[in-house]
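Below, each chain spelled out in residue letters.
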Amino acid sequence: MKKKILKIFAACAFAAVVFSSCGKKIVKDDYGIYTDLESALKASKKSGKKLLLFFTKLEDGGLNESLVNGVLHADDYGEKIGAEFETCQIDYSRERFSKKSENFDEARNERDMRAAVIYGAESTPAVLILTKQGYVISNVSYLPAKNVKEFSEIIEVDRKNIEAMENLLSEIDQAKGVDKVKKIDELYEGTRANYRYQLRALSDEVIKLDKKNQSGLVGKHLLARASTKAMDCYLRREPEKAVECYLEPLQSKFLSVEEKQRSYFAAAYITGNNSPSVENSEKIIGYLNAAKDLDPNSPLAERCRLLLDRQEKILADQKQTAAKKAAEESGAFDEGDAQ
């Protein structure tokens, strides 16, 4: 049975970012497997090979242990898998995250937790097939594999997905102008939402290539970039700046009414994740009203109305509490002053 990565890891991961790395990175283990994702991706780009990314938690034993010992550390792994794939394994055993551990490495831990966030590692073992650029081809439906041969058969199930991705990337490389924009969007649509962070540079390319929005896709990719920029804010430990990522695209003439609604709605949602306050409640109400007023008859407008009712009640309670507190503090001051 797969084991979920500890909730505390996930919480830390969403706030983790690496600005610089102190000391020497542990790039490979004794079996020649990359243990650092950045180094593994550089190797993939250099060799042109795809990348197998493994998320494990060895302390849980079971499938985690059999995958590592029976497959990754097998003598024939490099021979049978290495011709097509580079390999990276990131282990999330609790011991390595303890500051009391002799192997504690804060910079490495933060790099690895960032990888867990951007690749959506919710449980272990998990196996992702990545392109050399780091795009997700497939999240492998991992079944127990006793050896490299059985693991190869599991990978082979995704052969059609691998070939389709390689063909599409080749078409993107060869295409130009609006045709390239459409091919990039085809990749975007074919990628699960939780793996689209890796496509951020391609969304930038859409915006750059189609300055007049001939494809009608620029607004969509402006919102896609807003999403990845917002995640970057969390990864930089600057969550308060995330809302601006969704307000900025509203200045573009290429956003449709629906896209503007979604942008305002996202701004309201993110503000709702900040500390409760009268100021934040007023902002949320403002964003929800702005979204609703753009198209009062849309499904999203109806959702905004429901949330507005709730948020207005919250604001009324907040104002009442604030007024009561102010009155109590004023009374206490007057009483003390009178004495």
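Just so it is clear, the model here is predicted, and its values are computed rather than measured.

Enquirer: Give a detailed account of the overall build of the protein, specifying residues and quantitative values.
Expert: The helix and strand inventory of the protein stands at 14 helices and 6 strands. A total of 339 residues make up the protein; the buried ones form 46% of that total. For the protein, the exposed surface amounts to about 18,800 Å²; the carbon and sulfur share of it is 50%.

Enquirer: Before we move on, can you summarise the pairing of strand E5 (residues 126-130) with the specific residues and values?
Expert: Among the 5 residues that make up E5, 5 are buried, leaving the element largely enclosed by the rest of the structure. Of the two faces of E5, the one holding Ala-126, Leu-128 and Leu-130 and the one holding Val-127 and Ile-129 are both buried throughout. Two strands pair when backbone bridges link them, and E5 and strand E6 (residues 136-139) are joined in this way by 3 bridges, in the antiparallel orientation. Directly across from Leu-128, in E6, lies its bridge partner Asn-139.

Enquirer: Which residues make up the packing of aromatic side chains, and what values do they have?
Expert: Applying the stated criterion to the full structure yields 3 aromatic pairs. Geometrically, the ring pair formed by Tyr-92 and Phe-97 is stacked, given 6.3 Å between the ring centres and 5° between the ring planes. This pair shows no difference in class: Tyr-92 is buried, exactly as Phe-97 is. Of the aromatic side chains, those joined through ring pairs into one cluster are Phe-55, Tyr-92 and Phe-97.

Enquirer: Before we move on, can you summarise helix H9 (residues 200-209) with the specific residues and values?
Expert: The set of residues buried in H9 consists of Leu-202, Ser-203 and Val-206. Looking straight down H9, one finds that the buried residues subtend no more than 105° of arc, so they occupy a single side. Counted as exposed and oriented over 90 degrees from the buried face of H9: Ala-201 and Lys-208.

Enquirer: I'd love a proper account of the sheet that holds strand E3 (residues 85-91), names of residues and values included.
Expert: The pairing of strands in a sheet comes from backbone hydrogen bonds and takes either a parallel or an antiparallel form. As summarised here, the arrangement of the 4 strands in space is E3-E2-E5-E6, forming an open sheet in which the pairing is mixed. Edge positions in the sheet fall to E3 and E6, since each has one partner strand and no second. In this sheet, adjacent strand axes meet at a mean angle of 20° when their direction is disregarded. Relative to E3, strand E2 (residues 50-56) runs parallel, the two being bridged by 7 bridges. Note that in E3 the partner of Leu-51 across the bridge is Glu-86. Relative to E2, helix H3 (residues 62-72) is tilted by about 140°, and along the sheet it contacts E2, E3 and E5. Running at roughly 165° to E6, helix H7 (residues 159-174) makes contact with E2, E3, E5 and E6 of the sheet.

Enquirer: Can you tell me about the pattern of salt bridges, naming the residues and giving the values?
Expert: Within the structure shown, the criterion is met by 26 salt bridges. The salt bridge partner of Lys-50 is Glu-166, with a shortest N-O separation of 2.9 Å. Of the two residues, Lys-50 sits in strand E2 while Glu-166 sits in helix H7, which places them 116 residues apart along the sequence. The partner of Glu-156 in a salt bridge is Arg-159, with the nearest N and O atoms 3.0 Å apart.

Enquirer: For the nonpolar core, give the residues involved together with the corresponding values.
Expert: The biggest cluster of nonpolar side chains holds 37 residues, and the ones touching the most others in it are Leu-52, Tyr-77, Phe-151 and Leu-187. At the level of secondary structure, the elements contributing two or more residues to this core comprise E2, H3, helix H4 (77-81), E5, helix H6 (148-156), H7, helix H8 (177-189) and H9. Here Leu-187 is in contact with Tyr-135, Met-165, Leu-168, Leu-169, Ile-172, Leu-199 and Leu-202, once residues within four sequence places are set aside. Val-218, Val-243, Tyr-287 and Leu-315 belong to the second largest nonpolar core, which has 28 residues in total.

Enquirer: Got a sec to walk through the side chain of His-73? Specific residues and values, please.
Expert: Looking at the secondary structure, you find His-73 in the loop between H3 and H4. Setting aside its immediate chain neighbours within four residues, His-73 contacts Asp-29, Tyr-31 and Val-68.

Enquirer: Quick one: what's the story with the environment of Asn-274, residue by residue and with numbers?
Expert: Relative to the elements of secondary structure, Asn-274 occurs in the loop between helix H12 (257-272) and helix H13 (278-294). Relative accessible area serves as the criterion here: at 25%, Asn-274 is assigned to the partly exposed category. Spatially, the C-alpha atoms of Asn-274 and Pro-239 are 8.1 Å apart, while their sequence positions differ by 35 residues. When near neighbours in sequence (up to four residues on either side) are disregarded, Asn-274 contacts Pro-239 and Asn-280.

Thresholds applied
- Residues numbered from 1 in each chain as written.
- Predicted model: local features only at pLDDT ≥ 70, side-chain atom pairs only at ≥ 80, totals over all residues.
- Heavy atoms only, no water.
- Helix = DSSP H or I, 4+ residues; strand = E, 2+ residues; numbered from the N terminus.
- Buried < 20%, exposed > 50% of the residue type's maximum accessible area, 1.4 Å probe, protein only.
- Areas by Shrake-Rupley, 256 points an atom, 1.4 Å probe, with all protein chains shown as cover.
- Pairing = 2+ DSSP bridges.
- Phe/Tyr/Trp six-rings, centres within 6.5 Å; stacked < 30°, edge-to-face > 60°.
- Arc of directions from axis to C-beta.
- Axes fitted to C-alpha atoms, helices over the stretch in contact; angles between N-to-C directions.
- Contact = heavy atoms within 4.5 Å.
- Salt bridge = Lys/Arg side-chain N within 4 Å of Asp/Glu carboxyl O.
- Core = buried A, V, L, I, M, F, W, Y, C linked by side-chain atoms within 4.5 Å.

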